[in-house]
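For reference, the chains in residue letters:
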Amino acid sequence: MINQVEVKNVYKNFGDVKAVDGVSLEISQGQFFSLLGPSGCGKTTLLRLIAGFEMPNSGDILIDNKSMDGIAPNLRPTNMVFQNYAIFPHLNVAENVAYGLRKKRLSKDEKLEMINKSLELVGLSGLNNRSSNALSGGQKQRVALARALILKPKVLLLDEPLSALDKKLREQMQSELRHLQRVVGITFILVTHDQEEALTMSDKVAVMFDGKVEQIASPRELYERPSSKRVASFIGTMNFIDAIGSKSGEKIKVENRILGKFELPQNQVSGNHVNNKLTLGIRPELISINPRKSKSADFIEGEIEEISYLGETTYYKIICGKDIEPLNVLTQNSFGQMNYKVGEKVKLNIDKDNIVGFSG
Ligand SMILES: Nc1ncnc2c1ncn2[C@@H]1O[C@H](COP(=O)(O)OP(=O)(O)O)[C@@H](O)[C@H]1O
Ligand SMILES: [Mg+2]
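Throughout, residues of each chain are indexed from 1 in the direction in which the sequence is written. Key to labels: chains lettered from A, ligands numbered from 1, both in the order written. Owing to the predicted nature of the model, reporting of local features is limited to residues with pLDDT of at least 70; listing and counting of side-chain atom pairs is limited to 80 or more, with chain, interface and lining totals taken over all residues.

## Some details on the overall build of the protein chain
Next up, step 1: Helix and strand content of the protein chain: eight helices and 21 strands.
Next up, step 2: Along the first, second and third principal axes, the C-alpha set of the protein chain runs to 80 × 50 × 35 Å.
Next up, step 3: As a rule, residues whose C-beta atom has 12 or fewer other C-beta atoms within 10 Å are exposed, those with 20 or more are buried, and those in between are partly exposed; C-beta atoms are placed from the backbone. Going through the 360 residues of the protein chain one by one, you find that 36% of them count as buried.
Next up, step 4: Our contact criterion uses C-beta atoms placed from the backbone: two residues qualify when those atoms are within 7 Å. Pairs at least 24 apart in sequence give 67% of the contacts found in the protein chain among residues at least 6 apart. Each helix is a run of DSSP H or I of at least 4 residues and each strand a run of E of at least 2, with the numbering of both proceeding from the N terminus.

Given below as structure tokens:
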């Protein structure tokens, strides 16, 4: 795959704040790439560095193998959609969309054709003369998208573009945005603090904390093989259990009082082995309650402490002993299945194949 954007060891400070603290990453052409992390971790700053609104203290940013050092935002093959839309209220929809064309020598007809094409892409055909004040939040976001796309950037930068929308509309726009990216075929770099949004939309995700990138991976890899406890708990829910681990050939032997002894492949255990201490990470859906096949001794006794019924799924907190945190367990619901009650004693089975380990 061809690299479209390369961020090479970039640092950006604001006074004492290390907003971007030595970031390197590569984004290939046509990729839907997300920067994911908690508020304040440097996502917007990194996006603004790529756009050219900020200059790095050191390091370099390349687009299509060309250094962007000293190149003004309007001369870069990028365009940005801002968090607050930045729609001009005194201009109508078509005027907003055409804003970036005002200095270009184009005939009225050419402009109109470009405006109409952009509006069609975002599903706003025919709204050319609508006043910006008469638009819903979702429509404003579409206008902002059309305005960015009309300039045919090679890279579209989106800073939390959906965060102001309510849940239903946000989910709809997520799938539309993903579809739009496939239609236009250009590279999208999305900033979001919402892990579900990053997982559903992206080909690749960079998870950031404190100005640094902690892991870059596909959504599935991030969820199933998080490289650190921090990534694991930021993305979805993870049960953490302390254990002892020791290297044994290609495997890691694991031992824990309630889980017993088992082995994990080395690529499921990250970090260095220090003092044999290991934290196991177990996703809630890897644990099943009262499994039929648990006649063997291979189950854990527990007591239900809390139940959250969510329609398609149910979340349980289950106490399994004094020395471990209650386990989070997720079950898929089906009609006519067993209902459990708070206080009920249950047997748990854990799919050990997909446990991950963190050490050092
Ligand atoms: N222009 C600025 N001046 C001073 N500090 C800034 C500026 N922009 C961002 N910061 C600081 O840099 C850090 C990263 O900010 P930002 O990139 O906006 O994070 P995010 O988008 O992940 O929430 C924060 O501590 C923020 O307060
Ligand atoms: Mg931000």
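## What to know about the site of ligand 1
Next up, step 1: Contacts to ligand 1 come from Phe14, Val17, Ala19, Gly37, Ser39, Gly40, Cys41, Gly42, Lys43, Thr44 and Thr45.
Next up, step 2: Sorting elements by how many residues they give to the shell around ligand 1 places helix α1 (residues 43-51) first, with three residues.
Next up, step 3: Taken together, the residues of the shell around ligand 1 break down into four nonpolar, six polar and one charged. Here, nearness means that the C-beta atom of a residue, built from backbone geometry, sits within 6 Å of the molecule or strand in question. Basically, the charged four are Asp, Glu, Lys and Arg, the nonpolar ten are Ala, Val, Leu, Ile, Met, Phe, Trp, Tyr, Cys and Pro, and anything else, Gly included, counts as polar.

## What about helix α4 (residues 137-149)?
Next up, step 1: Given a rise of 1.5 Å per residue, 13 residues ought to cover 18 Å, and the 19 Å separating the end C-alpha atoms of α4 matches this to within 8%.
Next up, step 2: Counting buried residues in α4 gives ten out of 13 residues, a clear majority hidden from the surface.
Next up, step 3: Three or more residues of α4 are buried, namely Lys140, Gln141, Arg142, Val143, Ala144, Leu145, Ala146, Arg147, Ala148 and Leu149.
Next up, step 4: Where α4 is buried, its residues contact β6 (78-81), α2 (93-97), α3 (108-121), β7 (155-159) and α5 (167-184). By definition here, a helix of n residues has an expected span of 1.5 Å times n minus one.

## Some words on the nonpolar core
Next up, step 1: Think of a nonpolar core as buried Ala, Val, Leu, Ile, Met, Phe, Trp, Tyr and Cys residues chained together by C-beta atoms that fall within 7 Å. Core analysis: the biggest nonpolar cluster contains 67 residues, and Ile50, Val97, Ala146, Leu157 and Ile189 have the highest contact counts within it.
Next up, step 2: Looking at this core element by element, the count peaks at six residues for α4.

## Comments concerning the domain arrangement of the protein chain
Next up, step 1: What the domain assignment lists for the protein chain is domain 1 (3-229) and domain 2 (237-358).
Next up, step 2: Domains are outlined according to an automatic or database domain assignment. Using C-alpha coordinates to define each centre, domain 1 is positioned 39 Å away from domain 2.
Next up, step 3: In this assembly, six residues from domain 1 lie in contact with eight residues from domain 2.
Next up, step 4: Partitioning the side of domain 1 that touches domain 2 into residue classes produces one nonpolar, two polar and three charged.

## Some points on the sheet that holds strand β19 (residues 327-332)
Within a beta sheet, neighbouring strands are joined by backbone hydrogen bonds and run either parallel or antiparallel to one another.
Next up, step 1: With respect to topology, five strands assemble into an open sheet ordered β16-β20-β17-β18-β19, the strand pairing being antiparallel. Across the chains shown, the open sheet's two edge strands, defined by having one partner strand only, are β16 (287-289) and β19. Each strand of the sheet is rotated relative to its neighbour by a mean of 45 degrees, with strand direction disregarded.
Next up, step 2: Pairing geometry for strand β18 (residues 313-319) and β19, over six bridges, is antiparallel. Its bridge partner lying in β19, Thr313 is registered against Gln332. A pair of strands is treated as paired once DSSP finds two or more bridges between them. For helices, the fitted line uses only the C-alpha atoms of the stretch in contact; every axis is such a line through C-alpha atoms, and the angle between N-to-C directions lies from 0 to 180 degrees.

## A look at the sheet that holds strand β8 (residues 187-192)
Next up, step 1: The strand order across the open sheet formed by six strands is β6-β7-β8-β3-β9-β10, and the pairing between neighbours is mixed. Each of the sheet's edge strands pairs with one partner strand only, and the pair in question is β6 and β10 (212-217). For this sheet, the mean inter-axis angle between neighbouring strands, taken without regard to orientation, is 20 degrees.
Next up, step 2: Across five bridges, strand β3 (residues 32-36) lies against β8 in parallel orientation.

## With respect to the pairing of strand β13 (residues 260-265)
Next up, step 1: Where strand β12 (residues 251-256) lies against β13, six bridges are found, and the strand directions are antiparallel. Of the residues in β13, the one forming a bridge with Ile252 is Leu264.
Next up, step 2: Hairpin connection between β12 and β13: a loop of three residues separates the two successive antiparallel strands.

## A closer look at the pairing of β8
Next up, step 1: Most of β8 is tucked away, with six of its six residues classed as buried.
Next up, step 2: With burial as the criterion, each face of β8 is covered, one bearing Thr187, Ile189 and Val191 and the other bearing Phe188, Leu190 and Thr192.
Next up, step 3: Alignment of β7 against β8, held across five bridges, turns out to be parallel. Bridge assignment links Leu156 to a residue of β8, and that residue is Phe188.
Next up, step 4: When the strands point away from the viewer and the path from the first strand over the helix to the second turns clockwise, the crossover is right-handed. You can see the chain leave β7, run along α5 and come back into β8, and the turn it takes is right-handed.

## Re α3
Next up, step 1: Here α3 is 14 residues long and its end C-alpha atoms lie 20 Å apart, about the 20 Å a rise of 1.5 Å per residue gives.
Next up, step 2: Those residues of α3 not exposed but buried are Met114, Ile115, Ser118 and Leu119. Here the buried residues of α3 occupy an arc of 130 degrees about the axis, which is enough to place them on one side. Pointing more than 90 degrees away from the buried face of α3 are the exposed residues Asp109, Glu110, Glu113 and Glu120.
Next up, step 3: Phi turns positive one or two residues past the end of α3, at Gly123, with a value near 75 degrees. In this context, the arc is that of the directions from the helix axis out to the C-beta atoms.

## Some thoughts on the environment of Thr313
Next up, step 1: Structurally, the position occupied by Thr313 is in strand β18.
Next up, step 2: According to the C-beta neighbour criterion, Thr313 is partly exposed, with 13 such atoms within 10 Å.
Next up, step 3: Note: C-alpha distance between Thr313 and Ser334 (21 residues apart in sequence) is 8.6 Å.
Next up, step 4: Once residues lying within four places of it in the same chain are set aside, the contact partners of Thr313 are Leu330, Thr331, Gln332 and Asn333.

## Considering unusual backbone geometry
Next up, step 1: Although it is not a glycine, Asp64 sits at a positive phi angle of roughly 50 degrees.
Next up, step 2: Tracing the chain through its elements places Asp64 in the loop between β4 (58-63) and β5 (66-67).
Next up, step 3: A positive phi is found at Glu160, a non-glycine position, where the angle reads about 40 degrees.

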